[in-house]
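# Topology and contacts: notes
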Amino acid sequence: MAQQPHTAASAAADTAFRSALDVVAGVEPRIAAAIGQELADQRGSLKLIASENYASPAVLLTMGNWLSDKYAEGTVGRRFYAGCRNVDTVEGIAAEHARELFGADHAYVQPHSGIDANLTAFWAVLSQRIESPALERAAVRNVNDLTEEDWARLRQELGNQRMLGMSLDTGGHLTHGFRPNISGKMFEQRSYGTDPATGLIDYDALRETAREFRPLIIVAGYSAYPRLVDFRRMREIADEVGATLMVDMAHFAGLVAGKVLTGDHDPVPHAHIVTTTTHKSLRGPRGGMVLCQSELAEHVDRGCPLVLGGPLSHVMAAKAVALAEARRPEFQAYARAVVANARALAEGLLRRGGKLVTGGTDNHLVLADVSGYGLTGRQAEAALLDSGIVTNRNSVPQDPNGAWYTSGVRLGTPALTTRGLGTAEMDEIADLIHTVLRATAPATTAKGSPSKAAYTLDAALRDATAKRAADLLAPYPLYPGVDLV
Ligand code: DSN
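Keep in mind that this is a model prediction, so the values were computed, not measured. (Residues numbered from 1 in each chain as written. Predicted model: local features only at pLDDT ≥ 70, side-chain atom pairs only at ≥ 80, totals over all residues. Heavy atoms only, no water.)

## Brief notes about the pattern of salt bridges
By the definition in use, this model includes 28 salt bridges. Put simply, R351, R352, D427, E428, D431 and R468 are held in one network by salt bridges that share partners. (Salt bridge = Lys/Arg side-chain N within 4 Å of Asp/Glu carboxyl O.)

## What to know about a nonpolar patch on the surface
A contiguous nonpolar patch, built from Y71, F80 and Y81 and spanning about 370 Å² of accessible area, is present on the exposed surface. Classification of Y71 by relative accessible area gives partly exposed; the value is 47%. (Patch = residues over 30% accessible without salt bridge, like charges linked within 9 Å, V, L, I, M, F, W, Y side chains within 5 Å. Areas by Shrake-Rupley, 256 points an atom, 1.4 Å probe, with all protein chains shown as cover. Buried < 20%, exposed > 50% of the residue type's maximum accessible area, 1.4 Å probe, protein only.)

## Let's talk about the site of the ligand
Around the ligand lies a shell formed by S51, H173, S223, H251, K280 and R410. Within the side chain of S51, one N or O atom sits 2.7 Å away from an oxygen atom of the ligand. A distance of 2.7 Å is found between an oxygen atom of the ligand and a side-chain nitrogen or oxygen belonging to H173. Computed on the free molecule, the ligand has an accessible area of 230 Å², of which 63% lies beneath the protein chains in the complex. (Near = heavy atom within 4 Å. Polar contact = N/O pair within 3.5 Å; in protein donor to acceptor, adjacent residues only side chain to side chain.)

## Points about the packing of helix α5 (residues 114–138) against helix α6 (residues 148–158)
Between two packed helices, what matters for the description is the angle formed by their axes and the separation of those axes. Running from N to C, α5 and α6 point in directions that differ by 150°, and their axes come no closer than 11 Å. Viewed along their axes, α5 and α6 adopt a mutual orientation that is roughly antiparallel. Crossing of α5 against α6: the hand is right-handed. The segment α5 lies against α6, with W123, L126, I130, E131, A134, R137 and A138 engaging D150, L154, E157 and L158. Residues that form the contact of α5 with α6 fall into these classes: 7 nonpolar, no polar and 4 charged. (Axes fitted to C-alpha atoms, helices over the stretch in contact; angles between N-to-C directions. Helix = DSSP H or I, 4+ residues; strand = E, 2+ residues; numbered from the N terminus. Parallel < 35°, antiparallel > 145°, perpendicular 65-115°, else oblique. Left-handed = near helix turned anticlockwise from the far one by under 90°. Contact = heavy atoms within 4.5 Å. Nonpolar A, V, L, I, M, F, W, Y, C, P; charged D, E, K, R; others polar.)

## Considerations on the UniProt feature "binding site: (6S)-5,6,7,8-tetrahydrofolate" (unreviewed entry) in the chain
Under the local residue numbering, the UniProt record ascribes the feature "binding site: (6S)-5,6,7,8-tetrahydrofolate" (unreviewed entry) to L168, G172, H173, L174 and E295. Taking the farthest pair of C-alpha atoms as the criterion, the annotated set spanning 128 residues is dispersed, since that pair is 30.4 Å apart. Residue placement: L168 occurs in the loop between β5 (161–166) and α7 (182–186). For L168, the contacting residues outside a window of four places in its chain are H173, L174 and F178. Along the chain, G172 falls in the loop between β5 and α7. Residue classification places G172 among the buried residues on the basis of a relative accessible area of 6%. Aside from chain neighbours lying at most four places away, what touches G172 is M166, S167 and S223. (UniProt positions renumbered as here; feature names shortened; annotations may be inferred.)

## Considering the packing of aromatic side chains
Scanning the entire structure with this criterion turns up 7 aromatic pairs. With centroids separated by 6.0 Å and ring planes inclined at 25°, the aromatic side chains of F231 and F252 adopt a geometry described as stacked. Of this pair, F231 sits in helix α9 (residues 231–241) while F252 is found in the loop between β8 (244–248) and α10 (253–257), placing the two residues 21 residues apart along the sequence. Geometrically, the ring pair formed by F331 and Y334 is tilted, given 5.2 Å between the ring centres and 55° between the ring planes. A residue pair is termed a helical-turn pair when its members lie 3 or 4 positions apart in one helix, as F331 and Y334 do in helix α14 (residues 329–351) at 3 residues. When the ring centre of Y334 is taken as reference, the NZ or CZ atom of R283 above it lies at 4.2 Å. Sitting over the ring of W404, R393 keeps its end group 4.4 Å from the ring centre. (Phe/Tyr/Trp six-rings, centres within 6.5 Å; stacked < 30°, edge-to-face > 60°. Lys NZ or Arg CZ within 6 Å of the ring centre and 35° of its normal.)

## Description of the sheet that holds strand β15 (residues 408–412)
With respect to topology, 4 strands assemble into an open sheet ordered β11-β12-β15-β14, the strand pairing being antiparallel. Bordering the open sheet on either side are β11 (355–356) and β14 (392–394), each of which pairs with just one other strand. Running at roughly 20° to strand β12 (residues 365–369), α14 makes contact with β11, β12 and β15 of the sheet. (Pairing = 2+ DSSP bridges.)

## Here's the deal with the side chain of S387
Along the chain, S387 turns up in the loop between α15 (377–386) and β13 (389–390). S387 has contacts with V436, L457, R462, T465, A466 and A469, leaving out every residue within four places of it along the chain.

## Some details on the nonpolar core
Core analysis: the largest hydrophobic core is formed by 58 residues, its most contacted members being F102, I218, L282 and L291. Ranked by residues supplied to this core, first place goes to helix α4 (residues 85–102) with 7 residues. For F102, the residues in contact, after removing those within four places along its chain, are M249, A253, V256, A257, V268, L282, M289, L291 and L323. Formed by 32 residues, the second largest nonpolar core is a distinct cluster that contains A368, V370, L411 and V436. (Core = buried A, V, L, I, M, F, W, Y, C linked by side-chain atoms within 4.5 Å.)

## Some thoughts on the pairing of β5
Across the 6 residues that make up β5, a large majority, 5, are buried. Bridge count between β5 and strand β7 (residues 217–221): 2 bridges; the pairing is parallel. Each bridged residue has a counterpart across the sheet, and for L164 the counterpart in β7 is I218.

Here is the structure:
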């Protein structure tokens, strides 16, 4: 059964949030109003953004307290500040839950976001494989002891490494070596992709590229790939070419935690190092985390101050609470429901004539190609938003509309599953999406050509859809006892 963390049963949470809003309104009413408006927006619209969720009241409340006021650079028991015993407690508990939940040798719960977690992991690998051997060769203990000449050589070597990651248009992430992100400036990058015929990862082509390119790191993981990944096979390829296998499981960490992704599809036993955010399918606070095998632990633990600012102790505490929730049997039922809902949504769209990248889904997300409706992803995203359905536009493989306008919309079920919606409602949502997209048309530009951004949609149909969306959500209230400011 799906979870419903925000029902009348959580009256205590409603009271706590109402009081908090009153306190904030007494200082800066505009901020209290914006927070209240965010609740109103989330209450009344269908949240289908694949990377979003609803954290529990316990997780949210754990972030608003005195742990926020503490500095705690360093690691548990080895801090650069006095008075960190309570931070040690929360960081220790969060790491313990993470290790137990995912079966990892080591967990580092300080990263503030997914980018931070990836940066921590990249530098852990560079530290293990490039810096440590250089220190050993020079017979010194740390970089401060290197001669200027050795230091210059090491810096050059650190900046001269290669990474192989999934291409953006087939579902990879910007932080996997692409130029607009620091990873693309640090590493020489090459991409692997999917087979155009099936839309599935082409492991043979990946292997060929890896053999020729010889990367230091192979990054697996995605933000818009609706199928399973064979991490055992990825590890075999990494081993064959002497690469470190890093998996960014930010999108599907909740499915790993919930034991939907197991065996070859669970990255933790196969990868040397795994990163994740904690707020997507894992349903925790906004933040990041790194799991690794023991050989990398000491390198990962250097994240702060190497690339991270002081740990957010209140968020680490909330991670501990979320991970404790994810260790409960209900979370496994939740993870199964997320996937069943995504499948129902995909089938509902296909039955109505929709076109999906790879023709369906095995995980929490669906990538709809909206070109068949004559729309760009940007037009589809905007028309759906106006109709009470929140999605985000996304490239499809070999997208002719590029990364800004795109030809797709990405849909995900973690949030609505948390709210309690099930497969019957997913079919109804597929109908709403199809109805809106079929009725939307590109507007005509001043030059007489079809716009890639502006669109037309009948206002009555738009309003009727928003009403149907609100009706679908009505049985699953979100903090019903919190009045809007
Ligand atoms: N922004 C996240 C997503 O939507 O997939 C990843 O960074």
